[in-house]
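# Remarks on the overall topology
For reference, the chains in residue letters:
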Amino acid sequence: MEIGASTACFYPLETEKALKEVCGLGFKSAEIFMNSPCELEEGFVNELKNIALDSPTEIVSVHPFSSFLESSCIFGDYQRRFNDFIGIYEKTCHAAAMLGAKVVVIHGAVAKPKIPIPDERYFERFKMLVDIGKREGVTVCQENVNRFKSESIEFCKKMRDALGSDFHMVFDIKQTVRASQDTFAFLEEFKNEIAHVHISDNSQYGDCLPPGKGTFDFSRLFSILESANYKGKYVIEIYSGNLDVAEELKESKAFLKDYE
């Protein structure tokens, strides 16, 4: 088992600086959260690649900056808008391949858009994203996200039925808590489809705490995924807020070492 960290932990620090922070803390794997269209250009991607190689740190996943656009621009009903924006995902998957990442993380559509999005269209468009990823040798995954369609176990089951072997998930602990879902029921249901995990802690005082600062049962999490022969990575994803993020990640890394 290997624990990594996401550059998102340091947002709004610039992506390349955030990656240097993650690498400098000694994490051997990292997720890169892209934050701007220019960060998908090959010159910038090569800069990120060199930062990781110098550490060395393995880039295991990439998160597109465009999550907030997906309801209307990828899954919406205006075909021309989809045609114009799909290129972002082609560039994202290409960037992931350049970085050696195997996973691209998708939020998808919000649960209650102003104009309803039929499930059939959602699954059809997501399959297009999956196919883009396949051409680059990366796996496009649905993340469970609070207030998005994917917050629901039942929706994700329908998606799995529609996509079959093309359905893969990024599982995020804090998102199940925020969506008032049963974290371990979610894990048990999709343990064979989970390709990547975002970890954080939680307690009565918060739902996005650094690992070791809450009451979450990490032993149970690891046990469930080990029973499914999970081969993916565990990446810490917390939000900076008023935290000393570097110090918190250092402490979380030490806390999680006992589980490795």
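Throughout what follows, the structure given in this document is the object of discussion. This is a predicted model, so every value here is computed, not measured. (Residues numbered from 1 in each chain as written. Predicted model: local features only at pLDDT ≥ 70, side-chain atom pairs only at ≥ 80, totals over all residues. Heavy atoms only, no water.)

## Quick word on the packing of helix α1 (residues 15–24) against helix α2 (residues 42–54)
Viewed as axis vectors pointing N to C, α1 and α2 meet at an angle of 10°, and their least axial separation amounts to 10 Å. The angle between α1 and α2 places the two elements in the roughly parallel class. When the axes of α1 and α2 are compared, the crossing they make is right-handed. Seen from α1, the contacting residues are Thr15, Glu16, Leu19, Lys20 and Cys23; seen from α2, they are Phe44, Glu47, Leu48, Ile51 and Ala52. Of the residues assigned to the contact of α1 with α2, the class counts are six nonpolar, one polar and three charged. (Axes fitted to C-alpha atoms, helices over the stretch in contact; angles between N-to-C directions. Helix = DSSP H or I, 4+ residues; strand = E, 2+ residues; numbered from the N terminus. Parallel < 35°, antiparallel > 145°, perpendicular 65-115°, else oblique. Left-handed = near helix turned anticlockwise from the far one by under 90°. Contact = heavy atoms within 4.5 Å. Nonpolar A, V, L, I, M, F, W, Y, C, P; charged D, E, K, R; others polar.)

## Some thoughts on the side chain of Glu70
The residue Glu70 is located in helix α3 (residues 70–73) in this model. No salt bridge is formed by the buried Glu70, whose closest oppositely charged neighbour, Arg125, lies at an N-O distance of 12 Å. At 2.7 Å, the side chain of Glu70 and the side chain of Tyr89 are in polar contact. When residues no more than four places from it in sequence are discounted, the contact partners of Glu70 are Pro64, Phe75, Gly76, Tyr89, Ile106, His107 and Gly108. (Buried < 20%, exposed > 50% of the residue type's maximum accessible area, 1.4 Å probe, protein only. Lys, Arg positive; Asp, Glu negative; His and termini not counted. Salt bridge = Lys/Arg side-chain N within 4 Å of Asp/Glu carboxyl O. Polar contact = N/O pair within 3.5 Å; in protein donor to acceptor, adjacent residues only side chain to side chain.)

## Let's talk about the pairing of strand β4 (residues 103–106)
With burial as the criterion, each face of β4 is covered, one bearing Val103 and Val105 and the other bearing Val104 and Ile106. Relative to β4, strand β3 (residues 58–63) runs parallel, the two being bridged by two bridges. What sits directly across from Val62, in β4, is Val104. Bridging between β4 and strand β5 (residues 139–143) involves four bridges; their strand directions are parallel. Counted as the bridge partner of Val104 is Val140 from β5. A crossover connection joins β4 to the parallel β5 through helix α5 (residues 119–136); in handedness this β-α-β unit is right-handed. (Pairing = 2+ DSSP bridges. Right-handed = clockwise from strand over helix to strand, strands pointing away.)

## Some details on the pattern of salt bridges
Applying the stated criterion across every chain yields a total of 19 salt bridges. Note that Asp166 is salt-bridged to Lys127, the shortest N-O span being 3.7 Å. With Asp166 in the loop between α6 (153–163) and β6 (169–172) and Lys127 in helix α5, this residue pair connects regions lying 39 residues apart in the sequence. With relative accessibility at 11%, the residue Asp166 sits in the buried group. What makes Lys127 partly exposed here is its relative accessible area of 27%. A salt bridge links Asp172 to Lys174; its shortest N-O distance comes to 2.9 Å. In this structure, Asp172 and Lys174 share a single accessibility class: buried. In the salt-bridge network here, residues are joined through shared partners; they are Lys127, Asp131, Lys134 and Asp166.

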